[in-house]
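Structural characterization, general
One-letter residues, chain by chain:
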Amino acid sequence: MGSGCTKIGRYCLHCGKSDWNPKLQTKDGIERQFCGVATGYDTRVEALDICWLEMTKSAKTKFSKMKKTEYETLVSKELKQ
C-alpha cells in the first residue's frame, strides 16, 4: 500500500486509492485517495484540511466529530426515505 499523496505532495505509506464512495456507501468507478491513519467514516484525503499526521490532537478530534455528525445526518436522511 502507499501512493503519492496530494495533501503533502509526496509518497506516503498511509495513502491508498479506491473507487469507494463513502457518501453513497458503494463503489462508483471514480478513484479517490484515502488516508489510512485518519479516523471516521470519510477518510478521503480531499476531506482533510492538512495531513492527519501533522494535525494536533484537538484538530483530529474536531475532524472526527464533524465527520461523525455528517455520517449521522446522512444515515438519518436515508432512513426517512
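Below: a short report on this structure. Along each chain, residues carry numbers from 1 onward, in the same order as the chain's sequence is written. With pLDDT at 70 or above as the cut-off, local features in this predicted model cover only qualifying residues; side-chain atom pairs require 80 or more to be listed or tallied, and sums for whole chains, interfaces and linings still use all residues. Think of the side-chain values as coming from all heavy atoms in the structure, minus any hydrogens and water.

**Side note on the pattern of salt bridges**
Salt bridge, as used here: a side-chain nitrogen of Lys or Arg that lies within 4 Å of a carboxyl oxygen of Asp or Glu. Under the criterion given, the structure shown has 6 salt bridges. Across the salt bridge formed by R44 and D42, the nearest N and O atoms sit 2.7 Å from each other. Side by side, R44 and D42 carry an identical accessibility label, which is buried. We note a salt bridge from D42 to K67, for which the minimum N-O separation is 3.2 Å. With D42 in the loop between β4 (26-35) and α1 (57-80) and K67 in helix α1, the pair connects residues that are 25 residues apart, well separated along the chain. With respect to class, D42 is no different from K67; both count as buried. We call a residue buried when its accessible area falls under 20% of the maximum for its residue type, exposed when it is over 50%, and partly exposed in between, using a 1.4 Å probe and counting protein chains only. Elements are defined by DSSP. Helices are runs of H or I of four residues or more, strands are runs of E of two residues or more, and each kind is numbered from the N terminus.

**A closer look at the environment of S58**
Summarising the element assignment, S58 is placed in helix α1. With relative accessibility at 54%, the residue S58 sits in the exposed group. Taking the C-alpha atoms as reference points, S58 and K7, separated by 51 residues in sequence, lie 19 Å from one another.

**Structural notes on the packing of aromatic side chains**
Stacked, tilted and edge-to-face pairs are distinguished by plane angle, under 30 degrees for stacked and over 60 for edge-to-face with tilted covering the rest, among Phe, Tyr and Trp rings (Trp via its six-membered ring) whose centres lie within 6.5 Å. Scanning all chains against the criterion turns up 2 aromatic pairs. Centroid distance Y41 to Y71: 4.9 Å. Interplanar angle 45°. Geometry classified as tilted. Of this pair, Y41 sits in the loop between β4 and α1 while Y71 sits in helix α1; the two residues are 30 residues apart in sequence, bridging distant segments of the chain. According to the relative accessible area criterion, Y71 is partly exposed, its value standing at 35%.

**Description of the pairing of strand β3 (residues 15-21)**
Pairing of β3 with β4 involves 6 bridges; the strand directions are antiparallel. The residue of β4 that forms the bridge with G16 is F34. Strands are labelled as partners when DSSP assigns at least two bridges between them.

**With respect to the nonpolar core**
The biggest cluster of nonpolar side chains holds 13 residues, and the ones touching the most others in it are C5, C35, L48 and W52. Among all residues touching C5, those that are not within four sequence positions of it are R10, C12, C15, Q33 and V45. Buried Ala, Val, Leu, Ile, Met, Phe, Trp, Tyr and Cys residues that are joined via side-chain atoms within 4.5 Å together make up what is termed a nonpolar core. Whether two residues are in contact is decided by their heavy atoms, any of which lying within 4.5 Å being enough.

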